[in-house]
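# Structural overview
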Amino acid sequence: MAPPMSAGSFLSRLKAEGLTVVEVGDWEHHNRNHKGPWGPVHGVMIHHTVTSGSQRTVEICRDGYSGLPGPLCHGVITKDGRVHLVGYGRSNHAGLGDDDVLRAVIAEKALPPDNEANTDGNRHFYGFECENLGDGEDPWPEAQLDAIERAAAAVCRHHGWTARSVIGHLEWQPGKIDPRGFTMAAMRDRIHERLK
């Protein structure tokens, strides 16, 4: 049962992993905690945004949109490899997903297929939205992939987790395809190497 790290620890861990961090507004207190608990946390979830343009992407992820209020993640990883912190606490990023997947993440075992949406992921996962159109053609610059690797590793390092605690949205919720354009297996390999 891992309690979430403090906002200050989150910021420090990201910077210690060598990331360039941009603090957006009052991110430490911008959350959806009034809608339910934040924690215990069990993993990190990676998404793509289906947007282009870093400023617009960060604004959407901070403020949300009609029908889905922000924050939509904790950090937005833009194509230049910067991590923009937009919220901290419960955020609208994971939605309902598969309880079997959550059990596998907690046990750090291979993931089963996600075929149910019966468990609140917003409570249990740190979320990073990554600027990309998600069409399978929009490139993923190496600076951005490196930042995804570092951000996930920073959280895992704090909690003593392995790379198996990092999943994609597509591995959590049936019907989701993100992130598209790289595989989560390859990203977990990168994170594993970084955590050695």
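Rules used in this analysis
Residues numbered from 1 in each chain as written. Predicted model: local features only at pLDDT ≥ 70, side-chain atom pairs only at ≥ 80, totals over all residues. Heavy atoms only, no water. Core = buried A, V, L, I, M, F, W, Y, C linked by side-chain atoms within 4.5 Å. Buried < 20%, exposed > 50% of the residue type's maximum accessible area, 1.4 Å probe, protein only. Helix = DSSP H or I, 4+ residues; strand = E, 2+ residues; numbered from the N terminus. Contact = heavy atoms within 4.5 Å. UniProt positions renumbered as here; feature names shortened; annotations may be inferred. Pairing = 2+ DSSP bridges.

## Some words on the nonpolar core
By size, the foremost hydrophobic cluster in this structure holds 37 residues, and its most contacted members are Phe10, Leu14, Val44, Ile46, Tyr126, Phe128 and Ile148. Among the secondary structure elements, those contributing two or more residues to this core are α1 (7–16), β2 (43–48), β6 (83–85), β9 (125–130), α4 (142–159) and α5 (184–195). With 9 residues, α4 is the single largest residue contributor to this core. Beyond its immediate chain neighbours, meaning those up to four positions away, Ile148 contacts Ile46, Ile77, Cys130, Trp140, Phe182 and Met187. Core analysis: the next-biggest nonpolar cluster, separate from the first, contains 8 residues, Ala94, Val105, Phe125 and Trp172 among them.

## Re the UniProt feature "domain: N-acetylmuramoyl-L-alanine amidase" (unreviewed entry) in the protein chain
As annotated by UniProt and renumbered to match this structure, "domain: N-acetylmuramoyl-L-alanine amidase" (unreviewed entry) occupies residues 27–180. For residues 27–180, the helix share is 24%, the strand share is 19%, and the end-to-end C-alpha distance is 27 Å.

## Describing the pairing of β2
Along β2, 6 of the 6 residues are buried, which leaves the element largely enclosed by surrounding structure. Note: β2 against β9, 6 bridges, orientation parallel. Bridge pairing links Gly43 to Phe125 in β9. As judged from the 3 bridges shared by β2 and strand β10 (residues 166–168), these two strands associate in the parallel manner. Within β10, the position partnered with Ile46 by the bridge is Gly168.

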